[in-house]
Amino acid sequence: MNSSLTDAPHIAIVRLSALGDAVMAAAAVRALQQALPRAKITWIIGQAAYALLQGMPGVQFEVVAKPRSWGDYRNLYRRFRACRFDAVLAMQANLRVNLLYPALHAPIKIGFDRARAREVQWLFSNRRIPFRDTHLVDSFLSFVQTLTGRAAPASWTLPLDESDLQWAHAQLQTLPRPWIALHPYASKTERNWLPQRYAALLQEAAVRWHGSIVLTGGDAPAEQALCASLARSTSGSVLNLCGQTSPKQLAALLGEVDVLVAPDTGAVHIARAMETPVIGLYAVAPSRLTGPYQRMEHCVDRYPQAVRRFLGKDPGGLPWNTRVHHPDAMSLIEVEDVLQQLAAVLGQTT
């Protein structure tokens, strides 16, 4: 353990958004609790992530909105003026959040390494995690390892209420199995698969497995329109819950289904935390960085092909954060690629 820490330190964690990142960071919080069971943990978090993680044992949450004005910063500085922490784990690196770190008084402030400390985060920390070209969960776990000097394994126990579990069970109990969840929409549209291929996948899945499709997503108009269109595209059993779930209900639902199909979005990490198999669809970023942590055997990853075709480069020698920002990257994933992974999870056609 860091020699300057007591055995019951007060530790602040900063990760406001997004939902998937907060789920990944939750694994590090669990690891921190295992390494320092007497620690007091304050997590400075955004509202959407709090809606999922509220009730996490042993964690005090401070819900804040990402600052948008100097007045917002003044209010936050006043809010934390009297707080004293033994350490701050600065798990978010962008300028609007970086300017919050001076408000958090602590002798130890651990930030990202210089390669990943975006928008001069390194100015606001006095220690850094080591650089490793590994999964994002590993980067969050590195904060715990750097603070405690101990290995930090990932584990999750999302704080769901019995009412959430009962709700999810009630939605699914009358539907024929297997239950195939599809979360088709990512916040960055370049990560989305082609709508016509989603539709073809759903129709073929209905024929092969005779189960039910469960559509999930947020309440954005484009997202709901896509789900409504997909619901009409198949003759099989469909339950469209897009825009109709709270974060906790979504987690409970993804814990019940037999498999999730999704592009690079937060639902992937929620399903992973709930121990549900995930067929992740990747081409813009590699699944080894942002896929379901240590459960990537069913991902369809066309990132190497996208790098070669659209960037004209060797995927083996790229910087860690290289993305393929091309509108046709996701078109490299074929319907048959996903059907093969569904067969691997659910068994061959019946």
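Predicted, not measured: the structure shown is a model, and the values here were computed from it.

Q: What am I meant to see in the overall build of the chain here?
A: Helix and strand content of the chain: 13 helices and twelve strands. Against the compact-globule benchmark of 20 Å for 350 residues, the chain has a radius of gyration of 21 Å, which places it among compact chains. Of all 350 residues assigned to the chain, the portion counted as buried reaches 53%. In the form shown here, the chain has an accessible surface area of approximately 14900 Å², with 50% of it arising from carbon and sulfur atoms. Between the averaged position of the 35 positive side-chain charges in the chain and that of its 27 negative side-chain charges there is a distance of 10 Å.

Q: Teacher, can you tell me more about the packing of aromatic side chains here?
A: Two aromatic rings, taken as a pair, are described by how far apart their centres are and by the angle between their planes. The final tally for this structure, using the stated rule, is six aromatic pairs. With centroids separated by 5.1 Å and ring planes inclined at 90°, the aromatic side chains of Phe112 and Phe143 adopt a geometry described as edge-to-face. Here Phe112 is found in the loop between strand S5 (108–111) and strand S6 (127–128), whereas its partner Phe143 is found in helix H5 (residues 136–148), with 31 residues between them in sequence. Accessibility classification places Phe112 together with Phe143 in one group, the buried group. Connected via pairs of aromatic rings, a cluster forms that spans Trp43, Tyr50 and Phe61. Cation over ring: Arg177 sits above Trp179, and NZ or CZ is 4.0 Å from the ring centre.

Q: Whenever I open this one, the side chain of Thr245 confuses me. Can you help?
A: With respect to the element layout, Thr245 can be found in the loop between strand S9 (237–240) and helix H9 (247–256). You can call Thr245 buried: its relative accessible area is 19%. Here Thr245 is in contact with Trp167 and Leu250, once residues within four sequence places are set aside.

Q: Whenever I open this one, the sheet that holds strand S11 (residues 278–282) confuses me. Can you help?
A: In a beta sheet, neighbouring strands pair by backbone hydrogen bonds and run either parallel or antiparallel. Taken together, six strands build an open sheet; the order of strands is S9-S8-S7-S10-S11-S12 and the sheet is parallel. If you trace the sheet from one side to the other, it starts and ends with S9 and strand S12 (300–301), each paired once. Summarising the sheet, strand S7 (residues 179–182) and strand S10 (residues 259–263) pair through three bridges and their orientation is parallel. Across the sheet, Ile180 pairs through a bridge with Val259, a residue of S10.

Q: Could you clarify how one ought to interpret the pattern of salt bridges in this entry?
A: Two side chains that carry opposite charge are able to pair once their charged atoms sit near each other. All chains considered together, the criterion is met by eleven salt bridges. The partner of Asp21 in a salt bridge is Arg15, and the shortest N-O contact between them spans 2.8 Å. Several salt bridges share partner residues, and in doing so they unite Glu204, Arg208 and Glu336 into one network.

Q: Just to check I follow, could you spell out the nonpolar core for this structure?
A: The nonpolar side chains of a soluble globular protein tend to be buried with one another. Ranked by size, the top nonpolar core spans 69 residues in total, and within it Leu32, Trp43, Leu53, Leu89, Leu147, Trp156 and Leu254 carry the most contacts. With ten residues, helix H1 (residues 19–35) is the largest single contributor of residues to this core. In contact with Trp156, not counting residues within four places along its chain, are Val23, Met24, Ala26, Ala27, Val137, Arg272, Ala273 and Tyr293. By size, the runner-up hydrophobic cluster in this structure holds 37 residues, among which are Tyr185, Leu230, Ala329 and Ala343.

Q: Please explain a nonpolar patch on the surface as it appears in this structure.
A: Among the surface-exposed residues, Leu95, Val120 and Leu123 lie close enough to one another that they form a single nonpolar patch of about 240 Å² accessible area. Its place among the elements puts Leu123 in the loop between S5 and S6.

Q: I keep staring at unusual backbone geometry and nothing clicks. Help me out?
A: With the exception of glycine, the majority of residues adopt a negative phi angle, and the majority of peptide bonds are in the trans configuration. Cis geometry is adopted by the peptide bond preceding Pro178, which originates at Arg177 and carries an omega value of 10°. Residue position: Pro178 is located in the loop between helix H6 (162–172) and S7. Of note in this structure, His210 is not a glycine but carries a positive phi near 55°. Locating His210 in the fold gives a position in the loop between helix H7 (195–209) and strand S8 (212–215). A relative accessible area of 48% means that His210 is categorised as partly exposed. One non-glycine residue, Glu275, lies in positive phi territory at about 65°. In this structure, Glu275 sits in the loop between helix H10 (266–273) and S11.

Reading guide: rules and limits
- Residues numbered from 1 in each chain as written.
- Predicted model: local features only at pLDDT ≥ 70, side-chain atom pairs only at ≥ 80, totals over all residues.
- Heavy atoms only, no water.
- Helix = DSSP H or I, 4+ residues; strand = E, 2+ residues; numbered from the N terminus.
- Rg over C-alpha atoms; globule rule 2.2 N^0.38 Å.
- Buried < 20%, exposed > 50% of the residue type's maximum accessible area, 1.4 Å probe, protein only.
- Areas by Shrake-Rupley, 256 points an atom, 1.4 Å probe, with all protein chains shown as cover.
- Lys, Arg positive; Asp, Glu negative; His and termini not counted.
- Charge placed at Lys NZ, Arg CZ, Asp CG, Glu CD.
- Phe/Tyr/Trp six-rings, centres within 6.5 Å; stacked < 30°, edge-to-face > 60°.
- Lys NZ or Arg CZ within 6 Å of the ring centre and 35° of its normal.
- Contact = heavy atoms within 4.5 Å.
- Pairing = 2+ DSSP bridges.
- Salt bridge = Lys/Arg side-chain N within 4 Å of Asp/Glu carboxyl O.
- Core = buried A, V, L, I, M, F, W, Y, C linked by side-chain atoms within 4.5 Å.
- Patch = residues over 30% accessible without salt bridge, like charges linked within 9 Å, V, L, I, M, F, W, Y side chains within 5 Å.

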